[in-house]
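The lines below spell out each chain.
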Amino acid sequence: MEGNMKTAVMLGIGKMGFEERKIPQPKANEVLVKLEYVGICGSDLHYYESGAIGDYVVQPPFVLGHEPGGTVVEVGRDVHHLKVGDRVALEPGKTCGHCEFCRTGRYNLCPDVVFFATPPVDGVFQEYVAHEADLCFRLPENVSTLEGALIEPLAVGFHAAVLGGAQLGQKAVVMGAGCIGLVSMMALKARGVEQVYVVDLMENRLQKALELGAAGVINGAKEDVEKRLWELTGGCGTDLAIETSGSETAARQVIHAAKKGSTIVFVGYSKTGEMTLPMSMALDKELKFQTVFRYRHIYPLAIEAVASGKVNLKGIVTDIFDLDEVQKAMDYSIHHKSEIVKAVIRIS
């Protein structure tokens, strides 16, 4: 396809603008996707607010966004499993395929991954993208491209649930009721964990958790979290905890509330990158600590969970902005964190 497309670019800290760029041409193993929705992730907001995450520093003009859904409009000559008109969710990371981690199936740990919106790689706040066809997953008829865009954060939740060994009969807690906390809660329920409790400091997010199926919620600003978890689990403690907030306080609470021999999955990054935890208690309880980095081999599972009705992805969306409103979308997401659960950019 020839022509130009509108691209939203980060021009500096707290400043968005637009550029006209050429529509990319798909390679033999790629498809060209007309993007329809792109989620706004916490990492997008962090780059927008500070210009960097660790060693990854934004060099403007930079394109944010790595949670895309859209429709195939052109197919590379070596692509046979997708056709024009297919609606797809795009997995945003291209890995090398040759390193130890790729060869052993742990491709999310590939040191040479090229990931949308991770400097210097541009993201997808734009009208079109050419992407490797094997990383574009066809959506069933009853799954929208809005939901397709949110398969990316849902994949994180499922990866956490899978690595945590989530199963029927467990009592679990999710710390944090932001987007990742809510999708983790829904992933646990999709894997058969009926008693999932959610902890947060913001009442509107806790109400959203209840709407989406949490067995109960705890407001950490008003209640004794450890005491309530012991009460809710009948004095047994939690079999599984997923910590998505990155809070040291939350991490300490789930160690105290954990049943002996149980698992704690750490998903959220702390602001400092470090935590001081009660390790003597963790040792005495023989707790298993599991950490999560993105996901692997999860998109088909996540899409099926949405298609079957086990996960209500639309339920986490609180705000939709048009691409022309990208400045407003970013600013509103930063300054109204207590009101927004998940904001999405509508491209077309």
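The preceding data block contains the structure.
Residues numbered from 1 in each chain as written. Predicted model: local features only at pLDDT ≥ 70, side-chain atom pairs only at ≥ 80, totals over all residues. Heavy atoms only, no water.

Trainee: Hey, could you go over the pattern of salt bridges for me, with residue numbers and the actual values?
Mentor: Following the criterion strictly, the structure yields 16 salt bridges and no others. The partner of E49 in a salt bridge is K337, with the nearest N and O atoms 3.7 Å apart. Residue E49 is located in helix α1 (residues 42–50), and its partner K337 is located in the loop between α11 (326–335) and β19 (343–346); the two are separated by 288 residues in the primary sequence. Note that E325 is salt-bridged to K328, the shortest N-O span being 4.0 Å. The class for E325 is partly exposed, based on a relative accessible area of 28%. Here K328 falls in the partly exposed class, since its relative accessible area comes to 49%. The network of salt bridges with common partners includes E19, R21 and D122. (Salt bridge = Lys/Arg side-chain N within 4 Å of Asp/Glu carboxyl O. Helix = DSSP H or I, 4+ residues; strand = E, 2+ residues; numbered from the N terminus. Buried < 20%, exposed > 50% of the residue type's maximum accessible area, 1.4 Å probe, protein only.)

Trainee: I'd like a description of the pairing of strand β14 (residues 216–219), backed by residues and values.
Mentor: Note that strand β13 (residues 195–200) and β14 share four bridges and pair parallel. Of the residues in β14, the one forming a bridge with D200 is N219. Handedness of the β13-helix α6 (residues 203–211)-β14 crossover: right-handed. (Pairing = 2+ DSSP bridges. Right-handed = clockwise from strand over helix to strand, strands pointing away.)

Trainee: Please give an account of unusual backbone geometry that cites residues and values.
Mentor: In this structure, the amide linkage connecting P60 to the following residue, P61, adopts the cis form with an omega of -5°. For the peptide bond that leads from P119 to P120, omega is 10°, which places it in the cis range. Assignment of secondary structure puts P120 in the loop between β9 (114–115) and β10 (128–132). Unlike most non-glycine residues, R294 shows phi in positive territory, near 55°.

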